[in-house]
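# A look at the structure
Below are the chains, spelled out letter by letter.
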Amino acid sequence: MHASFLNRKSRRVLALVLVLASTAILAAGAASASAGHGHRGFGHSRASITSQPWGTADGTPVNLYTLDNGRGMTVTITNFGGIVQSINVPDRHGQVANVALGFSNLAGYVSDDYTTTASGETYFGAIIGRYANRIANGSFTLNGVTYYLNQNNGTNTLHGGAPVSQWNTKVWAATPISGRHSVSLELTYTDPAGTAARVPPMAPPAGNGFPGTVTAKVVYTLTQDDALRMDYTATTDAPTVINLTNHTYFNLAGEGSGGVQGQDLMINADSYTPVNANLIPEGGIVPVAGTPFDFRTAKPIGQDINSGDTQLVLAHGFDHNWVLNRSGSGLSLAARAYDPASGRVLTTWTTEPGVQFYSGNFLVGDLVGTSGHTYRQTDGFTLETQHYPDSPNQPNFPSVVLKPGQVYKNTIIFKFSVQK
Ligand code: GLA
């Protein structure tokens, strides 16, 4: 009895030793694979997508997904708001840093949306919907009916309206997808129609105020050539307006490392849309030539930011829509940013007609970011590729109307590289 018990026990110990040994071998294999990162051939990469529980929002579990292209770049994305929480890319010496501003946990993002701070709502990394940027006076008229929205930015509706209506506050359904040479995260959300039109004086509308139930899908893909690609599609069951973007703030030297004034920016645009004091486009499409808005040739973000130009005074820096020079209707170069210190380069392509370049003007140092540093004015910049602000009220801007039977499509590419 005793002997056979010992035998069983030693068999178990032996089995355990074998399991541990094979785990170690797998780990060693993985280590040697990752040690091979210098090897940039597609056949040698081990792209992966993993997830971890990241708390709950409105009682719904939220995950943090890590997309790893197996070649030295990782991106973390949460299905709370589809937020890109970090983008980790090497510099010219292979030193990896997180170049996206954000928070270290879910509570940071929820508090950003619902707690009033001097910095305001930052929308770090998030999917913005149903209408990115501003709609003047929180209203627009479509097919003869006037719709009233939530006014959450003075009298404007900004980034979808009240936090409860914004797509960045929703828990999106998430499906990880492993492709042959890439990894993707598919996110879906159905945005219910708001209330029917009403005549002022108005109470806030029930829901978002927009007509039509919109079904949206955003697929994030991390590619082998260090690009984070975002493919947006949406359909509606009634005519509506739509404008979607991603609101990542970049600091190519690493988030929390200070200001971006010394980082170079090129914007592929000959003109921009000047704004009034409410940051609503005045309606004109004005040449950038001879103004601080001329980024056609790369220049440091800080070069003209303090120039005293009326438009820069109104917005406290850059917070404007550039009218992109487009070649055809597909993907087109929007902007290129370069950090001379680290060598990191960000190149952005878009299918959209405009880009909102925002220099983090409202960050006032009251938010502690991912690495424990505060974010202050000009510590990051956004390149929000999208339709022009207030398009529903501006007949000379490209249309943002989506009708039943049509499919809204929008692709954003943020590609990273280094310059020696
Ligand atoms: C956009 C707007 C800015 C600001 C930020 C969020 O970029 O254009 O004015 O509201 O979002 O803080």
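Residues numbered from 1 in each chain as written. Predicted model: local features only at pLDDT ≥ 70, side-chain atom pairs only at ≥ 80, totals over all residues. Heavy atoms only, no water.

## Some details on the overall build of the protein chain
Which entries qualify depends on this criterion: A helix here means a DSSP run of H or I that spans at least four residues, while a strand means a run of E at least two residues long, and both kinds are numbered starting from the N terminus. We call a residue buried when its accessible area falls under 20% of the maximum for its residue type, exposed when it is over 50%, and partly exposed in between, using a 1.4 Å probe and counting protein chains only. All accessible areas in this document rest on Shrake-Rupley with a 1.4 Å probe, and a residue is counted as covered only by the protein chains that are shown.
In terms of helices and strands, the protein chain carries three helices and 30 strands. For the protein chain, buried positions account for 51% of its 420 residues. Only carbon and sulfur atoms are counted for the fraction: they give 56% of the accessible area of the protein chain, which is about 17,200 Å².

## A look at the site of the ligand
To keep things clear, this is the line we draw: We call a residue near a given molecule or strand whenever any one of its heavy atoms falls within 4 Å of it. Between N or O atoms, a polar contact is any pair within 3.5 Å; within protein, one atom must be a potential hydrogen donor and the other a potential acceptor, and residues adjacent in sequence are included only when both atoms are from side chains. Buried and open spaces are told apart on a 1 Å grid over the protein atoms alone, a cavity being a set of points where a 1.4 Å probe fits but cannot get out and a pocket being an open set with protein on both sides within 12 Å along at least five of seven lines. Residues with an atom within 4 Å of a point are the lining residues. More than half of a molecule's atoms lying within 2 Å of a cavity's or pocket's grid points is what places that molecule inside it. Three categories are distinguished: nonpolar for Ala, Val, Leu, Ile, Met, Phe, Trp, Tyr, Cys and Pro, charged for Asp, Glu, Lys and Arg, and polar for the others, with Gly belonging to the last.
Near the ligand lie 13 residues; those nearest to it are Arg134, His159, His247, Asp319 and Glu384. A distance of 2.9 Å separates an oxygen atom of the ligand from a polar side-chain atom of His247. One of the side-chain N or O atoms of Asp319 is found 2.3 Å from an oxygen atom in the ligand. When the free accessible area of the ligand is taken as 300 Å², the share hidden by the protein chains comes to 96%. More than half of the atoms of the ligand fall within 2 Å of the grid points belonging to the largest pocket. For the shell around the ligand, the residue count by class is five nonpolar, four polar and four charged.

## Quick notes on the pattern of salt bridges
Side chains carrying opposite charge are able to pair once their charged atoms draw close together. Note the threshold: Within this document, salt bridges are pairs made up of a side-chain nitrogen of Lys or Arg and a carboxyl oxygen of Asp or Glu, the two lying within 4 Å of each other.
Inspection of every chain in the model, using the stated rule, returns five salt bridges. Its salt-bridge partner being Asp294, residue Arg296 comes within 2.8 Å of it at the nearest N-O pair. Using a relative accessible area of 39% as the deciding quantity, one classes Arg296 as partly exposed. The shortest N-O distance in the salt bridge between Lys299 and Asp304 comes to 2.6 Å. The network of salt bridges with shared partners includes Asp270, Asp294 and Arg296.

## Observations concerning the confidence of the model for the protein chain
A low pLDDT means the predicted coordinates there should not be read in detail. Put simply, the rule reads: By definition, pLDDT measures how confident the predictor is in each residue, and it falls between 0 and 100. Residues are treated as being in contact if the distance between any of their heavy atoms lies within 4.5 Å.
Residues of the protein chain with pLDDT of at least 70 account for 87%, and the chain-wide mean is 89. Of the regions scoring below 50 in pLDDT, residues 1-43 engages in 14 contacts with residues more than four places distant in sequence or in other chains.

## Side note on helix α2 (residues 106-114)
Formally: Regarding the arc, it is the one traced by the directions from the helix axis to the C-beta atoms.
When we look at burial in α2, the residues that qualify are Leu106, Gly108, Tyr109, Asp112 and Asp113. Mapping the buried residues of α2 onto a view down its axis gives an arc of 165 degrees, with all of them on the same face. If you follow the buried residues of α2, they end up packed against β1 (48-57), β2 (60-68), β4 (83-90) and β26 (364-368).

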